There are 2 protein chains.
Amino acid sequence: MAATTAGVRLEERWRDILSAHARTMCEIDRALHPHGLGASDFEVLDMLATAAPEEGEQCRVQNLVGRVHLSQSALSRLIARLEKDGLVTRSVCVEDRRGVWVSLTDKGRALHAEVLPLQRAALARTLGE
Amino acid sequence: MAATTAGVRLEERWRDILSAHARTMCEIDRALHPHGLGASDFEVLDMLATAAPEEGEQCRVQNLVGRVHLSQSALSRLIARLEKDGLVTRSVCVEDRRGVWVSLTDKGRALHAEVLPLQRAALARTLGE
DNA sequence: GAGCACTGCATGCACACTCATGGAACGCGC
DNA sequence: GCGCGTTCCATGAGTGTGCATGCAGTGCTC
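From a predicted model like this one, the values you see are computed outputs, not experimental measurements.

## Here's the deal with the overall build of chain A
Stage number 1. For chain A, the helix and strand inventory stands at five helices and three strands.
Stage number 2. Helices and strands appear in chain A in the N-to-C order α-α-β-α-α-β-β-α.
Stage number 3. For chain A, the C-alpha radius of gyration of 18 Å lies well beyond 14 Å, the compact-globule estimate for 129 residues.
Stage number 4. Along the first, second and third principal axes, the C-alpha atoms of chain A reach 60 × 35 × 25 Å.
Stage number 5. When each of the 129 residues of chain A is scored for burial, the buried share is 25%.
Stage number 6. Sequence-distant contacts, at least 24 apart, represent 54% of the contacts inside chain A between residues at least 6 apart.

## With respect to the sheet that holds strand β1 (residues 59-60) of chain B
All names here are of chain B.
Stage number 1. The strand order across the open sheet built from three strands is β1-β3-β2, with neighbouring strands paired in antiparallel fashion. Two strands close off the open sheet at either side, each with one partner strand: β1 and β2 (88-92).
Stage number 2. Where β2 and strand β3 (residues 100-104) come together, five bridges link them in antiparallel fashion. Looking at the pairing, Arg-90 lines up with Val-102 of β3.
Stage number 3. Where helix α4 (residues 72-84) meets the sheet, its contacts fall on β2 and β3, and the angle it forms with β2 comes to roughly 115 degrees.

## A word on the sheet that holds strand β2 (residues 88-92) of chain A
Whenever strands of a sheet pair, they do so through backbone hydrogen bonds, lying parallel or antiparallel.
All names here are of chain A.
Stage number 1. Strand order in the open sheet made by the three strands is β1-β3-β2, with antiparallel pairing throughout. The strands lining the two open edges of the sheet, one partner per strand, are β1 (59-60) and β2.
Stage number 2. Examined bridge by bridge, β1 and strand β3 (residues 100-104) share two bridges and lie antiparallel to one another. Within β3, the position partnered with Cys-59 by the bridge is Val-102.

## Side note on the protein's contact with DNA strand D
Stage number 1. Around DNA strand D sit 22 residues in total, of which Ser-71, Ser-73 and Ala-74 of chain A together with Gln-62 and Ser-73 of chain B are the nearest.
Stage number 2. Mapped by element, the contributors of at least two residues to the surface near DNA strand D are α4 (72-84) of chain A together with α3 (61-64) and α4 of chain B.
Stage number 3. If you tally residues by element for the surface near DNA strand D, the top one is α4 of chain B, at five residues.
Stage number 4. Looking at the surface near DNA strand D residue by residue, the classes come out as six nonpolar, eight polar and eight charged.

## So, the interface of chain B and chain A
Stage number 1. With 17 residues of chain B at the contact, the number on the chain A side is 17 residues.
Stage number 2. Sorting the residues of the side of chain B that touches chain A by element identifies α1 (2-32) and α5 (106-127) of chain B as the ones contributing at least two each.
Stage number 3. Across the side of chain B that touches chain A, the residue classes tally to nine nonpolar, five polar and three charged.

Rules and cut-offs
- Residues numbered from 1 in each chain as written.
- Chains lettered and ligands numbered in written order.
- Predicted model: local features only at pLDDT ≥ 70, side-chain atom pairs only at ≥ 80, totals over all residues.
- Helix = DSSP H or I, 4+ residues; strand = E, 2+ residues; numbered from the N terminus.
- Rg over C-alpha atoms; globule rule 2.2 N^0.38 Å.
- Buried ≥ 20, exposed ≤ 12 C-beta atoms within 10 Å, placed from the backbone.
- Contact = placed C-beta atoms within 7 Å.
- Pairing = 2+ DSSP bridges.
- Axes fitted to C-alpha atoms, helices over the stretch in contact; angles between N-to-C directions.
- Near = placed C-beta within 6 Å.
- Nonpolar A, V, L, I, M, F, W, Y, C, P; charged D, E, K, R; others polar.

As structure tokens, this is what we get:
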């Protein structure tokens, strides 16, 4: 009996998460789409911007996997798209030539600064009741 | 200042939701995959099972859209898959021939009963700390 | 240095999703 | 009844994702 009660409570919590996730994700997508970005793109851009504020600072792809809620292959393709759009650059890591360094371009940094308030606004709209 | 603080708090909340969603979704998928179901499939199955416990009770596709976090087209295809697997049946609604009734088959009901505890267990593993 | 297991990233493939559209059925005004 | 806008579901096209795999580079053992 107690077990089923706990089960129902978990079920409700799960529904809440599902609902909040769907609404917010959709709202962010809608807010960022005019700028050519999706929610996942922004997540990576934001990670690069906050994790490597120094100019010369760079970030391994490996470091991004695990922090981002994306598979390694999806991340690889996403970075390829960002590079094609001129938002990031990839360069081989000299100390471990298997690795790849990813860094924001000036354009990428500028775009991030531009859309950050939009993302915050979307969050406020759907999460801050 | 207060605005940015609130922004950071929202950001953290969003990260938590993202993380919980990804972990739980993955865990449910993993638990249900051996039975040929994904998380979305279960969501629809569960909805049909709980919304129409009576034998003759049926549910319009229209009623499912909005309750499920899926687009109308995705739901249509998902139901087609479930029907192909013999878990649900579709029949035209006699009182509004645009509509379609969806109902669980015995096999669908049995499968739902079989995997429900697995889903609950997955929820408990990832949400109930 | 040769062999070998392992790591890091890219890619082929299958599949589910969204968006936009299509077609059938309804309901309303006339 | 006829036309017209709307609703309901299905489907075609394009895109993104995960899984499995490929391939180059690393480091360890000998």
